[in-house]
Amino acid sequence: VAVLWTDMHVVLRAARGASSRLAAVTTPRPPILAGLRFAQPSLPPLPRLLSTQPRSQRGERGLLFAELKRCRRREDVARLEARLQPLRTTKEWTKLISAHARVRDRRRAFGILDEMRQAGCDPDVFSYSILINMCARSKDWTTAVSLLREMP
């Protein structure tokens, strides 16, 4: 099945076993699909998000980690990192590594891995896979392979 978008969208279907026979169907392009591919989901403003959740389900740390997940600048990640200290679990450490990898702060992401080990928290497969992915994106294959060997 091949789908081509122009002013009209054309769907070409090949009959099973008969590749030379193609049926073409043209219909007007739906206006709602025009920008759907590049649309970013919008999050409600934080005060509205807070008002829709019961107080028992939204701790301050949970909200800080939710905000950390949305950060796209190094300064914002560093500001939230300071507010989240001390980190308690492997999952929290991994979320912080992920945030630094998202903003392409390689030095800090590996620094957090070292801090994690010094704090007595063992990195898990998720922590390593985030760092390996970051190395692969920057084409640093030697570090990626060394992380693979180190992975539990």
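Note that the structure is predicted; figures quoted are calculated from it, not measured. (Residues numbered from 1 in each chain as written. Predicted model: local features only at pLDDT ≥ 70, side-chain atom pairs only at ≥ 80, totals over all residues. Heavy atoms only, no water.)

1. Details of the packing of helix 4 (residues 90–102) against helix 6 (residues 125–137)
Applicable threshold: Axis lines are fitted to C-alpha atoms, over the contacting stretch for helices. Their N-to-C directions set the angle, which ranges from 0 to 180 degrees. Comment: elements are numbered from the N terminus, with helices defined as DSSP H or I runs of at least four residues and strands as E runs of at least two. Here is the rule for angles: anything less than 35 degrees is roughly parallel, anything more than 145 is roughly antiparallel, 65 through 115 is roughly perpendicular, and the remaining ranges are oblique. Contacts are assigned to residue pairs with any non-hydrogen atoms lying within 4.5 Å of each other. Under the scheme applied here, ten amino acids are nonpolar (Ala, Val, Leu, Ile, Met, Phe, Trp, Tyr, Cys and Pro), four are charged (Asp, Glu, Lys and Arg), and all others, including Gly, are polar.
At a minimum axis separation of 9 Å, helix 4 and helix 6 run at an interaxial angle of 10°. When the axes of helix 4 and helix 6 are compared, the pair comes out roughly parallel. Along the contact surface, helix 4 presents T90, T94, I97, S98 and A101, while helix 6 presents F126, S127, I130, L131 and M134. When its residues are assigned to classes, the contact of helix 4 with helix 6 shows six nonpolar, four polar and no charged.

2. Focus: the confidence of the model for the protein
What counts is decided by this rule: Residue-level confidence of the predictor is summarised by pLDDT, bounded by 0 at the bottom and 100 at the top.
Per-residue pLDDT for the protein has a mean of 76; in total, 62% of the residues score no lower than 70. A low-confidence stretch, residues 1–27 (pLDDT under 50), is modelled with 34 contacts involving residues beyond four sequence positions or located in other chains.

3. Considerations on the side chain of S127
The cut-off we apply is this: The buried label goes to any residue with under 20% of its type's maximum accessible area, the exposed label to any with over 50%, and the partly exposed label to all in between, with areas taken from a 1.4 Å probe on protein chains only. By the criterion applied in these results, polar contacts are pairs of N or O atoms within 3.5 Å in which, for protein atoms, one can donate a hydrogen and the other can accept it, and in which residues neighboring in sequence qualify only through two side-chain atoms.
Tracing the chain through its elements places S127 in helix 6. Judged by its relative accessible area of 0%, S127 is buried. A polar contact of 2.6 Å, which involves the side chain of S127, links it to the side chain of T94. Side chain to side chain, S127 and D124 meet in a polar contact 2.8 Å long. Ignoring sequence-local partners within four residues, the contact set of S127 consists of T90, T94, I97 and M116.

4. Here we look at the packing of helix 4 against helix 5 (residues 106–118)
Counted only if it meets this: Whether a crossing is left-handed or right-handed is set by the direction in which the near helix is turned from the far one by less than a right angle, anticlockwise for left-handed and clockwise for right-handed.
In contact at an axis separation of 8 Å, helix 4 and helix 5 are set at 165° when each is read in the N-to-C sense. As far as their axial angle goes, helix 5 and helix 4 are roughly antiparallel. You can see that helix 4 and helix 5 cross each other, and the crossing is right-handed. Counted together, T90, W93, T94, L96, I97, H100 and A101 of helix 4 and R108, A109, I112, L113, E115 and M116 of helix 5 form the full contact between these two elements.

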